[in-house]
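Below, each chain spelled out in residue letters.
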Amino acid sequence: MKKQTKLLLLILLALGLLTACKKGDGPLEVYDLGVSAEDNVVALDSILDEGEATLFSIDAPIDSAIAEKLGISHTYHYREMDDPAELSKRYIAVLMSDEQGFTPIDAENHRLTDEPNTDLLAGSVALGKTAVATAGEEGEAQILRVVVGWSEYAVAVQVAYIPGKLLAPVKKDEPKDDEENQQQEDAGPTSMSEQMDYFNSIDPRKLGLEGDDMHAYMVFPQQAWVLVDGVSCREMGVYLQDVQTATNVYMGTFYLSSDMTRIYEKTSDGSIVQCSLE
């Protein structure tokens, strides 16, 4: 459970550990984490036609966060594109090309065999490959991870080093114990798009959010199921668009059960509590 909640989400780190900066003149060619040039990632800018989208801001960790070994990641925010989902799909295809070598991964860093689902108004896809740079004095292996997230109006790309190694895909025919089988039965047929439609129809006040509807918020669903109190749930990261700064402000992480009857919230102390929908 801890590994699941640490990963995504997707897209933004805690605002107190980030500093926003404006892009320099001209389009970016690569995303550089400043550790190894061999880990540079081809930038979204490289596939943009003139005027197709605008890079508004870049979030990078402040020096104190790096000193405390909280990880290295940069997040690039793009706006003013006609179709964020289509643009994300194109960029993901570039990252998955033989030249770039990224592969879709789940929250546990298992390779995914299914193609990423980009046929959503809002969503996110995580991709990874083995990093050239290693971590720590003992040279521990790292994964170079790129998370591409999009909403109806924006695209965000997060590039980060995370500890660990890429794992083999989970075998779908692996024998499961009775509890896992029951959880799978509980999951039901609801798709990500169905869950998104339902989640966006909820009165935000029932989730502790402001407003009369969810239209002001960006919701980033995760592809993999996670277990909360033994219930299969989909993790939903909720952000509020700040028009003045063109950034996404983290508002909370929620877990929608597969049968869409329960919603849980991750509190500030990291615990998971059930929301009352009455």
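Structural data are supplied above this passage.
Just so we're clear, the structure is a prediction, and the values are computed from it rather than from any experiment. Each residue is numbered by its place in its chain's sequence as written, counting from 1. Local features in a predicted model are, by the rule used here, given only for residues with pLDDT of at least 70; side-chain atom pairs are given and counted only at 80 or more, and totals for whole chains, interfaces and linings are based on all residues. Side-chain measures here rest on the full set of heavy atoms in the structure, leaving out hydrogens and waters.

Draft legend 1. Inspection of the pairing of strand 13 (residues 263-266) at higher detail. With three bridges joining them, strand 13 and strand 14 (residues 272-274) adopt antiparallel strand pairing. Paired with Lys 266 across the strands is Ile 272, a residue of strand 14. A strand pair is defined by DSSP finding two or more bridges across the two strands. Here a strand is any run of E in DSSP of at least two residues, a helix any run of H or I of at least four, and the numbering for each starts at the N terminus. Between strand 13 and strand 14, which pair antiparallel one after the other, the connecting turn spans five residues, and Gly 270 there sits at a positive phi close to 90°.

Draft legend 2. Quick peek at the nonpolar core. Counting 49 residues, the largest nonpolar core has Tyr 31, Leu 44, Tyr 78 and Phe 199 as its most contacted members. Contact partners of Tyr 78, with chain neighbours within four places excluded, come to Tyr 31, Leu 44, Asp 45, Leu 48, Thr 54, Leu 55, Ala 154, Val 155 and Val 157. Residue types Ala, Val, Leu, Ile, Met, Phe, Trp, Tyr and Cys, when buried and joined through side-chain atoms within 4.5 Å, form a set referred to as a nonpolar core. Buried, partly exposed and exposed residues are distinguished by accessible area as a fraction of the type maximum, computed with a 1.4 Å probe on protein chains only: under 20%, between the cut-offs, and over 50%, respectively. In what follows, a contact means two residues having at least one pair of non-hydrogen atoms within 4.5 Å.

Draft legend 3. Fine view of the environment of Ile 263. Its location among the elements puts Ile 263 in strand 13. By relative accessible area, which is 0% here, Ile 263 ends up buried. Residues Ile 263 and Cys 233, 30 residues apart in the sequence, show an inter-C-alpha distance of 8.4 Å. Among all residues touching Ile 263, those that are not within four sequence positions of it are Tyr 198, Phe 199, Ile 202, Leu 207, Phe 254, Tyr 255, Leu 256, Val 273, Gln 274, Cys 275 and Leu 277.

Draft legend 4. Inspection of the pattern of salt bridges at higher detail. Salt bridges are identified by distance alone: a Lys or Arg side-chain nitrogen within 4 Å of an Asp or Glu carboxyl oxygen. If you walk through the whole model with that rule in mind, you get four salt bridges. Among the ionic pairs, Arg 90 bridges to Glu 86, the shortest N-O distance being 3.5 Å. Here the residue Arg 90 and the residue Glu 86 both occupy positions in helix 3 (residues 84-95), the gap between them amounting to four residues, near one helical turn. Residue classification places Arg 90 among the partly exposed positions, given a relative accessible area of 27%. Residue Glu 86 is classed as partly exposed on the basis of its relative accessible area of 33%. In this structure, Arg 205 and Asp 212 form a salt bridge, with 3.7 Å as the shortest nitrogen-oxygen distance. Accessibility expressed as a relative area gives 63% for Asp 212, which makes it exposed. Beyond isolated ion pairs, a larger network of salt bridges with shared partners links Glu 52, Glu 86 and Arg 90.

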